[in-house]
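# Coordinate analysis (summary)
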Amino acid sequence: MKSEKTVENLDHLIICKKCDTLHHKRHLPPSSVAKCRECGAILYRHHRNLIDWGLAMGLSALIFFILANSFEIVTIDLRGIKQGITLPSVIFSLFENGYWLVGLFCLFVILIFPFVLLILYLWIMYLLKTRQDEPLVEKLLIYLAKMLPWNMSEIFLVSIFVALVKLVGYAQINLGTSLWALALFVGFDLYLSKSISIDEIWRAKKRIFRGKDV
Ligand SMILES: [Zn+2]
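Quick caveat, the model's predicted, so the values are computed rather than measured.

## Some remarks on the overall build of the chain
Along the backbone of the chain there are 8 helices and 7 strands. For the chain, whose C-alpha radius of gyration is 21 Å, the value lies well above the compact-globule estimate of 17 Å for 214 residues. Oriented by its inertia axes, the alpha-carbon framework of the chain measures out at about 70 × 35 × 30 Å. Looking at the 214 residues of the chain, the share that counts as buried comes to 16%. A sequence separation of at least 24 residues applies to 59% of the contacts in the chain between residues at least 6 apart.

## Structural notes on unusual backbone geometry
The backbone of D20 sits at a positive phi, close to 65°, despite the residue not being glycine. Take D20: it is sitting in the loop between β1 (13-15) and β2 (22-24). Even without being glycine, R131 reaches a positive phi, approximately 55°. Mapped onto the elements, R131 comes out in the loop between α4 (100-129) and α5 (134-147).

## What to know about the nonpolar core
Note that soluble globular proteins tend to have their nonpolar side chains buried in a common cluster. Formed by 27 residues in total, the largest nonpolar core has its most connected members in A61, F64, A68, L182 and F185. Where this core is concerned, the elements lending two or more residues are α2 (50-68), α3 (87-96), α4, α7 (177-195) and α8 (198-210). Here this core gets 7 residues from one element, more than from any other, and that element is α7. Those residues within four positions of F64 in sequence are excluded, and the remaining contacts are A181, L184, F185 and F188.

Conventions and cut-offs
- Residues numbered from 1 in each chain as written.
- Predicted model: local features only at pLDDT ≥ 70, side-chain atom pairs only at ≥ 80, totals over all residues.
- Helix = DSSP H or I, 4+ residues; strand = E, 2+ residues; numbered from the N terminus.
- Rg over C-alpha atoms; globule rule 2.2 N^0.38 Å.
- Buried ≥ 20, exposed ≤ 12 C-beta atoms within 10 Å, placed from the backbone.
- Contact = placed C-beta atoms within 7 Å.
- Core = buried A, V, L, I, M, F, W, Y, C linked by C-beta atoms within 7 Å.

Structure below.
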């Protein structure tokens, strides 16, 4: 009981990520932002349509993720021999050639991890939208907070572009539909992970289930 009270008290405090100053949270009107008194960094926001916006962004990211894995990223033309490359085929070829460790790492980073993150995110937003099961929302938010720092989708996209630039000298490269879908997926994914913080979703949860704003 005592520890619950402590957690409840900690919920009213926030640390500035830039200068480490401790602040008390205050009620914010919709569509406004709280800034650090010392350095001016944004501490937290009150999105007017956080849940609807998050659901729309999450579903868009999921559609582009499916498209990115369904078609060819590039077609390589090496002296008349054409080969289409899809994201799953890259992973399978690693396994076929005996690179099990690299294959497993890629399978996890490219396919499983982003998919699980998106499903977790959409599940949380759906539960908040339908006002269901607060304890489950809390558990899922804790999982999401632990997983987010390992999200490397943008690094993966940049590494694909670097590899393509290096290949240009050796073969003719035709960009496929999935490359653009992947770029759009990374854009939505970045928006979700950088613009909507776990803290904001946590406060939205409190507003929805308990009518509290801080
Ligand atoms: Zn600050």
